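Coordinates in review
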Amino acid sequence: MTPPPSPLDGDFSTLFNFLPIGAYRSSPEGRMLRANQALVSLNGYASEWEMLARVNDIAQEWYVDPTRRAEFKRQLERDGFVRGFISEIHRHKTRERVWISENAHGVRDAAGVLQYYEGTVEDITDRMRDQKALRESEEQLRLITAQVPGAVFAVYVRNDGGREYRFLSAGIRDIYGFEADDLMRNPALLARYFHPEDQAMLERDRQAILAGQSSLETEFRVVLPDGTIKWICNRSCAVSADDNGFLRVGVLFDISDRKAAEAALHASEALWKLALESTGDGLWDWNLVTDEEFFSEGMKAMFGYDEADDVNLAVALDACTHPEDVAQMQADRLAHFEGRSPVYRNERRIRCKDGQWKWVLSRGMVLSRDESGKPLRMIGTHTDITEHKQAEAQHRALEAQLRESQKMEAIGTLAGGVAHDFNNLLAAILGNLVLAREDLGEQHPAQESLTEINRAAIRARQLVQQILTFSRRQTQEMVRQPLTPLVEEALGLMRSLLPASLKLVARLPAAGLPVLADATQMQQVLMNLCTNAWQAMEGRSGDITVALRDVRLDASQGLQLGGLAGGAYACLSVADNGPGMDEATQQRIFEPFFTTKAPGAGTGLGLAVVHGIVKAHRGVIALHSRPGEGSRFDVYLPLAAGAADEAPAPAPVTVATAAAPVAPGKHVIYIDDYEALVFLVGRLLRKQGYRTSTFESGEAAIAWLREHPDDPVDLVVTDQNMPGISGVDVAREARQLRPGLRVAIVSGHVNDKLIAEATEAGVSDVMGKQDSMDALGEAIRELLERATR
C-alpha cells in the first residue's frame, strides 16, 4: 500500500526521515497520517505504510492510559502546543510498554480550521527507569540513614552562598527538634540556632566552603528554644560541581556527651598541670643507675624542639650547656650527691634548637640511695629564668648608668665650682690691672705688658665662662643668632681639650648663618659630637673635621632626612677618620645609655642628648658611616629669615677708668668670701669717692649692722655663694634690721630659682658676675642712681 501524497514529499522529506527521534502527523480523530522511520521502528514495524495501515485509533491502540489522548488534545486546544508530554505507550506491533515524551502543535488552514497534528516522540524509557531506580535508592537511603545516629544530608551550595537541601534524614529531629521538611523548605533555619560565640567560626567555615575547600569538620554549639546548649559535629565533603555551585554530603551528630567528658578530663588535666607548673616549668625524673631520664610533656618545647624531633633531651641538655657553666653545674650536682648540699640547685645557660641561649634554673633532690649512700634516683624541675636574668642584667646596667650619670653630674658640679673660684681669681687680676694702669699713667712703658696681661686674663675668663655655661642646667632659650660664632667659640674650648695626637680642622663660612637656637645647647651639640669623634679614635692619631655650610633641600631630600620641609638649612658636620660603625650600631646609636665603649668609659648619653637638642630645634641629625671609613654626623637646622646674619664684631680690649660716683659720700657695704676681691672692690669704690665697708662673710656684715644702727647705709652688695649664710640670707636679715635697705646680689649662677628666692627676700637686683672691676663699679653707680630717683 502506498501512502497518500504529502507536503513532506517535498524539500523536508529527507530531514523528516533523518530525525533520530520519532516524528509524525496525525488527524484530530486519532488516525496516524505520516510517521518517520524512527517512529516506525519505535512501534515495531519495518515500514511506514505497514504502520499506517494498522494504526486506526491512537487513543485506544497506543496509550496505555487512553485518557492521555484526551489530555493531549486538551492542552493543544488550550495552548496550541504541548511540550514534554510524558506518557506510557504500547509498541503498537509488539505491545511492549515504553515511556515517551511528546512535543506537538496543531496545523490549521487559512480559515483557521484544524487540519492535523504534527509532533515528535522521544523514547525516554531508560530515563524513567533511572528515575525510578533513583527514587527507590533514595527510599533505601532514607531507611538506612534513619538507623544512623545524627542527621545525614546532601546540600547544593550555590556560588552566591545560598543553599538547597537535596536530602536530609529524619535524625535532624533528634538534634534540633524540627522535622527534615522544615529545613528542606527553609535552609536558613539552622543559622537561628548557632551559639553567638561560634558565629565567627562558622562564618569562616562558610567562606572556606565557598572558596572550594573539599573536606570540612567543624564542632560548634547550638542553642535550642528551651535554652539547652548542644555540641554538634559537622563533617562534610564536596562530591560534584557545576557552573552554578556544588553538591556536598555530610553528617551532623550530637557530641554533647563527648564534650562533657572532655571538659571533665581537661579539668582533671588542668589540676595536674597546675601542680606540675607550681614546681617549675618542666618536671624530670632521673634514674641514676641506668642513666635514663623522663621529662614531662612540654619540656622539648621549652628548648625549641618539636614533639616529632628525635632528640635525647637528657644528653642534649648537658651537651648544650654553655662551656663557662659546665664546671659549676657538675660541682653543684656532686655537692648534692655527696650530701654536702640538701638540694641540687644550679643556674646555667643552655643552647636551644635555634641556637639561642636560655637561662635555666635546675632544682632537684635525690629520692633514694643504696646502702652505701650512692644516689639511685633524683627528681626535679627545669625553670626558664631567661627573662629574670635579662631583667637583672638590665637592672645592673641601669645602676651602672645611673652611677655614671651621677658621676658626670658631680664632675659638672665640681667643674662649675672650680671655674667659679677661677673667676674670682681672674676678677682680682683684671681689677688690679685697671688700678695699676691708672696708677702708672697712659705713657708708662709697662702699659704694653699690662695690655697683654689683660688680653690673656680676658681669654682665660672666656674659657672659664664656657665651663660655667656647660656645667649648669638652664632652660632652653631660643634666640635668633648667627651659628658661625657659636661654632667658633665651642671650637676654641675644644682645641684646649683634645689630645695632641688629634688635629681639629675647621671649615667655616664667612657668613654667620642665622638660626633660631639656644646658644648653650648648640655648643653642647658640637662639644658632644667632637667628644664622640675623639673617643672613636681610641687613642690613635687622626683628624676631626668640623664644617658648616648652608644647603637648600627639596621636598624629596627633606623626606629622606626624616620629614624635614623643603627650604634653606644650616648644615653642621662633624667627621672623623676613625674605625666607623656597622649597621647594627648605627641603628641604636641615638638610644639613651647605648654605648660601644668598655664599662666605665662612657655614659651612653652624649648622642642621645644631641638627638634631643636637635629635635627641639626643629632639625634632624643624620649619620654616615661604614666600618673602616670613619663617621660623619650632619646636623640640619632651619635658617632663620630676617635681617643681617653676620656676627657682631668682638668688642676691643679697652682700658677702663674709674667712673665718677653718683653722689660723693654714699655708703656702700660689699660682702664676698674671697679676701683679694674684697680688698680690690673696697679700693675701687673708695677711689671712686664712695664710703665703703667691706666684709668677708655675711655674718660679719649682719653683726656690723646690728652694732651700728644709726650709721646710714645706701646699698649692700653681696656675693650669693659663701660659706655660712648666703647672699639671700644676708638680704633677708639685713632688711629685717633695716626694712628700706637696698640689697643687690652678685652670682656667677643666676637662674630662675635664685631670682625667685631673692625677690621673696626683698632683693632689689640680682646681677651676674661682671667681666671687669670697672663694670662692677658702673653697676653699683647705676644702682645708687636708681635709688636717688
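Everything discussed here concerns the structure shown above.
Everything quoted here is computed from the prediction, not taken from an experiment. (Residues numbered from 1 in each chain as written. Predicted model: local features only at pLDDT ≥ 70, side-chain atom pairs only at ≥ 80, totals over all residues. Heavy atoms only, no water.)

Sheet topology places strand 8 (residues 215-223) next to strand 9 (residues 229-241); 9 bridges connect them, and they run antiparallel. Paired with Phe220 across the bridge in strand 9 is Ile232. Connecting strand 8 to the next strand, strand 9, in antiparallel fashion are 5 residues, including Gly227 with a positive phi near 95°. When strand 9 meets strand 10 (residues 245-254), the two strands line up antiparallel, connected through 9 bridges. By the bridge assignment, Ser240 is partnered in strand 10 with Leu247. Hairpin remark: strand 9 followed by strand 10, antiparallel, with 3 residues in the connecting loop. (Pairing = 2+ DSSP bridges. Helix = DSSP H or I, 4+ residues; strand = E, 2+ residues; numbered from the N terminus.)

Adjacent strands of a sheet pair through backbone hydrogen bonds, lying either parallel or antiparallel. With parallel pairing, the 5 strands of this open sheet are ordered in space as 24-23-25-26-27. Each end of this open sheet is capped by a strand with a single partner; those strands are strand 24 (691-695) and strand 27 (765-768). With strand direction ignored, the average angle separating the axes of adjacent strands in the sheet is 20°. Pairing of strand 25 (residues 715-719) with strand 26 (residues 743-747), which is carried by 4 bridges, proceeds in the parallel orientation. Bridged to Thr718 within strand 26 is Ile745. Of the strands in this sheet, strand 23 (667-671) and strand 24 are in contact with helix 22 (residues 698-707), which crosses strand 23 at around 150°. (Axes fitted to C-alpha atoms, helices over the stretch in contact; angles between N-to-C directions. Contact = heavy atoms within 4.5 Å.)

For the structure on display, the rule yields 40 salt bridges. The closest approach of N and O atoms between Glu118 and Arg25, which form a salt bridge, is 2.8 Å. Placement of Glu118 in strand 5 (residues 114-123) and of Arg25 in strand 1 (residues 22-26) is noted, with a sequence separation of 93 residues between them. Looking at Arg25, the relative accessible area reads 7%, which means it is buried. Between Asp714 and Lys666 there is a salt bridge, with the nearest N and O atoms lying 3.8 Å from each other. On the criterion of sequence distance, the pair formed by Asp714 in the loop between helix 22 and strand 25 and Lys666 in the loop between strand 22 (631-638) and strand 23 is long-range, its members being 48 residues apart. The class for Asp714 is partly exposed, based on a relative accessible area of 28%. Linked by salt bridges that have partners in common, Arg345, Glu347, Lys389 and Glu392 make up one network. (Salt bridge = Lys/Arg side-chain N within 4 Å of Asp/Glu carboxyl O. Buried < 20%, exposed > 50% of the residue type's maximum accessible area, 1.4 Å probe, protein only.)

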